[in-house]
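Per-entry structural report
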Amino acid sequence: MTFIAQIGVSQVVAVGGTSAATTNAVYGTYPPLAAFVRLTSTTPCHVAFAAAPTALVASDMIIYPGKGEVFKIQQGFKVAAIKVTGASDGFLSVTAVDS
């Protein structure tokens, strides 16, 4: 599937053994209550979306390296990540996109 988008601000999260979140919330321009975000990672990691998120190994979805994924999230949410048990530390790139 091809996703045509305008690229917005990117943030990088250091992914390790404790949950870490983006410094800034993600905002899009349309629709007014949602934003799209593209995630790519250098290591397998669990991710969570919320106003003040904490990523959990036990319950949050996994993003795999080399696979960019796009999610629709609520305006103003941040993205948090924690590495999968046994994985190396790495980075999660979080980029706001608008269709």
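Because the structure is predicted, anything quoted here is derived from the model rather than measured.

**Some points on the overall build of the chain**
Counting secondary structure elements, the chain contains zero helices and eight strands. Its helices and strands in sequence order give the chain the pattern β-β-β-β-β-β-β-β, from N to C terminus. Every one of the 99 residues in the chain was classed for burial, and the buried ones make up 39%. Nonlocal contacts in the chain, meaning residues at least 24 apart in sequence, comprise 78% of its contacts between residues at least 6 apart. Carbon and sulfur atoms form 58% of the exposed surface of the chain, whose accessible area is close to 5,500 Å².

**Points about the packing of aromatic side chains**
All told, the structure shown has one aromatic pair when counted by the stated rule. A centroid spacing of 5.5 Å and a plane angle of 50° characterise the contact between Phe 49 and Phe 71, whose relative ring orientation is tilted. You can see Phe 49 sitting in strand S4 (residues 45-50) and its partner Phe 71 sitting in strand S6 (residues 69-74), a full 22 residues away along the chain. Residue classification places Phe 49 among the partly exposed positions, given a relative accessible area of 23%.

**Quick word on the pattern of salt bridges**
Using the criterion set out here, one finds one salt bridge in the structure. With its nearest N and O atoms 3.0 Å apart, the salt bridge here joins Asp 89 to Lys 83. With relative accessibility at 54%, the residue Asp 89 sits in the exposed group.

**Notes on the nonpolar core**
Membership of the largest hydrophobic core comes to 17 residues, with the highest contact counts inside it found for Leu 39 and Leu 92. Elements with a contribution of two residues or more to this core: strand S1 (6-15), strand S3 (34-41), S4, S6, strand S7 (78-83) and strand S8 (90-98). Sequence-distant contacts of Leu 92, defined by excluding residues within four places in its chain, comprise Gln 11, Val 12, Val 13, Val 15, Leu 39, Thr 40, Ser 41, Cys 45, Val 47, Val 79 and Ala 81.

**What to know about the pairing of S4**
Pairing between S4 and strand S5 (residues 62-63): two bridges, direction antiparallel. The residue of S5 that forms the bridge with Cys 45 is Ile 63.

**Focus on the sheet that holds S4**
Working definition: the strands of a sheet are paired by backbone hydrogen bonds and lie parallel or antiparallel to each other. An order of S2-S7-S4-S5 is seen for the four strands of this open sheet, with the pairing classed as antiparallel. Bordering the open sheet on either side are strand S2 (20-21) and S5, each of which pairs with just one other strand.

**Section: the environment of Ala 20**
Looking at the element boundaries, Ala 20 is found in strand S2. A sequence separation of 34 residues divides Ala 20 from Thr 54, and the C-alpha atoms of the two residues are 7.3 Å apart. What Ala 20 contacts, discounting residues up to four positions off in sequence, is Val 13, Ala 14, Val 79, Ala 80 and Ala 81.

**Some points on the environment of Val 15**
Looking at the secondary structure, you find Val 15 in strand S1. On the basis of relative accessibility, which here comes to 2%, the residue Val 15 falls in the buried class. For the pair Val 15 and Pro 44, spaced 29 residues apart in sequence, the C-alpha to C-alpha distance is 9.2 Å. Setting aside anything within four residues of it in sequence, one finds Val 15 in contact with Thr 43, Cys 45, Ala 81, Ile 82, Lys 83, Asp 89, Gly 90, Phe 91 and Leu 92.

Definitions and cut-offs
Residue positions are given per chain, counting from 1 as you read along its sequence in written order. Totals for whole chains, interfaces and linings use every residue, but because this is a predicted model, local features are given only for residues with pLDDT of at least 70 and side-chain atom pairs only at 80 or more, for both listing and counting. Heavy atoms from the whole structure form the basis of all side-chain values; hydrogens and water molecules are not counted. We count a stretch as a helix when DSSP gives it H or I for four or more residues in a row; a strand needs E for two or more, and each element gets its number in order from the N terminus. Burial status follows relative accessibility: with a 1.4 Å probe on protein chains alone, a residue under 20% of its type maximum counts as buried, one over 50% as exposed, and anything between as partly exposed. By definition in these notes, contact holds between two residues if any of their heavy atoms fall within 4.5 Å. For the area figures, the Shrake-Rupley method with a 1.4 Å probe applies, and any residue is considered shielded solely by the protein chains shown. What counts as a ring pair is set by centres within 6.5 Å for rings of Phe, Tyr and Trp (its six-membered ring), and what kind of pair is set by the plane angle: stacked under 30 degrees, edge-to-face over 60, tilted for all other angles. Salt bridges are defined by distance alone: a side-chain nitrogen of Lys or Arg within 4 Å of a carboxyl oxygen of Asp or Glu. Throughout this description, the term nonpolar core refers to a set of buried Ala, Val, Leu, Ile, Met, Phe, Trp, Tyr and Cys residues connected via side-chain atoms within 4.5 Å. For two strands to count as paired, DSSP must find a minimum of two bridges between them.

Without other data, these values stay purely geometric and don't point to any function.
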